[in-house]
Amino acid sequence: MRLVFAGTPEVAVPALDALLASDRHEVVAVVTRPDAPAGRGRKLVASPVAQRAEEAGIEILKPAKPGDPEFLARLAEIAPDCCPVVAYGALIRPGALEVPKHGWVNLHFSLLPAWRGAAPVQHAVMAGDEVTGASTFLIEQGLDSGPVFGVITEEIRPTDTSGELLTRLAHSGARLLTATMDGIEDGGLSAVPQPADGVTLAPKITVEDARIDWAHPALRIDRVVRGCAPAPGAWTTFRGERLKLSGPVRLLAGSAELAPGVLAVEKNSLRVGTGSHEVELGEVQPQGKKPMRAADWARGARIESGEQLGL
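Residues numbered from 1 in each chain as written. Predicted model: local features only at pLDDT ≥ 70, side-chain atom pairs only at ≥ 80, totals over all residues. Heavy atoms only, no water.

**A word on the overall build of the chain**
Next, step 1: Summing up its helical and strand segments, the chain has eight helices and 17 strands in all.
Next, step 2: By its C-alpha atoms, the chain is 65 × 45 × 30 Å across when sized along the principal axes.
Next, step 3: Across the 311 residues of the chain, 47% fall into the buried class.
Next, step 4: In the form shown here, the chain has an accessible surface area of approximately 14900 Å², with 52% of it arising from carbon and sulfur atoms. (Helix = DSSP H or I, 4+ residues; strand = E, 2+ residues; numbered from the N terminus. Buried < 20%, exposed > 50% of the residue type's maximum accessible area, 1.4 Å probe, protein only. Areas by Shrake-Rupley, 256 points an atom, 1.4 Å probe, with all protein chains shown as cover.)

**A closer look at the sheet that holds strand β7 (residues 104-108)**
Next, step 1: Sheet architecture is open: seven strands sit in the order β5-β2-β1-β6-β7-β8-β9, paired in mixed fashion. With partners counted over all chains shown, the strands left at the sheet margins are β5 (59-61) and β9 (148-155), one partner each. Recorded for the sheet is a direction-independent mean angle of 20 degrees between the axes of neighbouring strands.
Next, step 2: Examined bridge by bridge, strand β2 (residues 26-31) and β5 share three bridges and lie parallel to one another. Directly across from valine 30, in β5, lies its bridge partner isoleucine 60.
Next, step 3: Together, β1 (2-7), β2 and β5 form the strand contacts of helix α2 (residues 48-56), whose direction differs from that of β5 by roughly 160 degrees.
Next, step 4: Across the sheet, helix α3 (residues 69-78) is in contact with β1, β2, β5, β6 (83-86) and β7; its angle to β5 comes to roughly 150 degrees. (Pairing = 2+ DSSP bridges. Axes fitted to C-alpha atoms, helices over the stretch in contact; angles between N-to-C directions. Contact = heavy atoms within 4.5 Å.)

**Remarks on the nonpolar core**
Next, step 1: Counting residues in hydrophobic clusters, the biggest one holds 35 residues, and the most contacted among them are Phe5, Val30, Val86, Phe109, Leu177 and Met181.
Next, step 2: Residue contributions to this core peak at eight residues, all from helix α6 (residues 162-186).
Next, step 3: With residues near it in sequence (within four places) discarded, phenylalanine 5 still touches Ala12, Ala15, Leu16, Leu19, Val27, Ala29, Val30, Val31, Val49, Pro84, Val86 and Leu177.
Next, step 4: If you look at the next biggest cluster of nonpolar residues, it comprises 27 residues, including Ile212, Val224, Val225 and Phe238. (Core = buried A, V, L, I, M, F, W, Y, C linked by side-chain atoms within 4.5 Å.)

**Considering a nonpolar patch on the surface**
Next, step 1: Taken together, Leu143, Val199 and Leu201 make up a surface patch of nonpolar side chains, about 270 Å² in accessible area.
Next, step 2: Tracing the chain through its elements places leucine 143 in the loop between β8 (131-138) and β9. (Patch = residues over 30% accessible without salt bridge, like charges linked within 9 Å, V, L, I, M, F, W, Y side chains within 5 Å. Salt bridge = Lys/Arg side-chain N within 4 Å of Asp/Glu carboxyl O.)

**Some details on the environment of leucine 61**
Next, step 1: Assignment of secondary structure puts leucine 61 in strand β5.
Next, step 2: A relative accessible area of 10% means that leucine 61 is categorised as buried.
Next, step 3: Taking the C-alpha atoms as reference, leucine 61 lies 6.1 Å from valine 30; in sequence the two are 31 residues apart.
Next, step 4: Residues within four places of leucine 61 in sequence aside, it is in contact with Val30, Val31, Thr32, Phe71, Arg74 and Ile78.

**Observations regarding the packing of helix α1 (residues 13-21) against α2**
Next, step 1: Packing of α1 against α2 brings their axes to within 10 Å, and their N-to-C directions diverge by 25 degrees. Classified by the interaxial angle, the pair formed by α1 and α2 is roughly parallel. Helix-helix and strand crossings are classified by hand; for α1 and α2 the assignment is right-handed. Between α1 and α2, the contacting residues are Val13, Leu16, Asp17 and Leu20 on the first element and Pro48, Val49, Arg52, Ala53 and Ala56 on the second. (Parallel < 35°, antiparallel > 145°, perpendicular 65-115°, else oblique. Left-handed = near helix turned anticlockwise from the far one by under 90°.)

**Observations regarding the pairing of strand β11 (residues 241-245)**
Next, step 1: As judged from the five bridges shared by strand β10 (residues 234-238) and β11, these two strands associate in the antiparallel manner. From the neighbouring strand, phenylalanine 238 faces β11, where its bridge partner is glutamate 241.
Next, step 2: Between β10 and the antiparallel strand that follows it, β11, lie two residues; arginine 239 among them carries a positive phi value of about 50 degrees.

Right under this line is the structure:
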């Protein structure tokens, strides 16, 4: 099939690579979000998908909106058979949905209908799910509600951050998306409507969602820290400034002497109380500084036992 691939961030690149390597399909163009400011200089930078497409010598389309008349006209000229999508970042409107014969097929990183929305992996980790996966489905006007072509499953390990889990899903999902394209071309793969039960939503994680409440149980705090890593990053406050928790905490079962948020400074560790058991902080990032081991931060900042996080 002639394919136009839609995607933007790094997590979409493995799927693009898999389709480029396929001997059954031809990726004739990519659709990605417009260049965005990045870095200290805030210079405009092309998306990871655009950079990969440029390396491959593929036409790159960067519409401000997928409904722009110029974009729709060019898409019609290209006449793709199907448009596979991975984390594109914009809603596909009816005018674009109608162009490819086999529609737009999205690779979504959850077992639909669970965790529909922008942040399925983060929500799965924060909710304490033991298993997640990826699904390919036909895009329609509803939010991730279209019929499903196929799924793969992935265990969520006890120490997984959302970044680590998403990296694994990006590669296994790339194989699923390629197999879905093969099945559509063969004509033997049919999409199955999603069940009405079991729908959960996964909206974008906000900065406030990532703030740690030390009165919560240690297990919940651990899940929030891992679910928000690497972005947007779990955080708390200390001495009136924001402190980012850039590495997972370690649960200290059976230890509950410290009140929520209260610190205990030791030579090689920094413990903090929660609503249940204490946790040992891993890597932290003080405001305006680079990430560092919590014990090193405590020494440099001359933190004393009894001081408190989250005030």
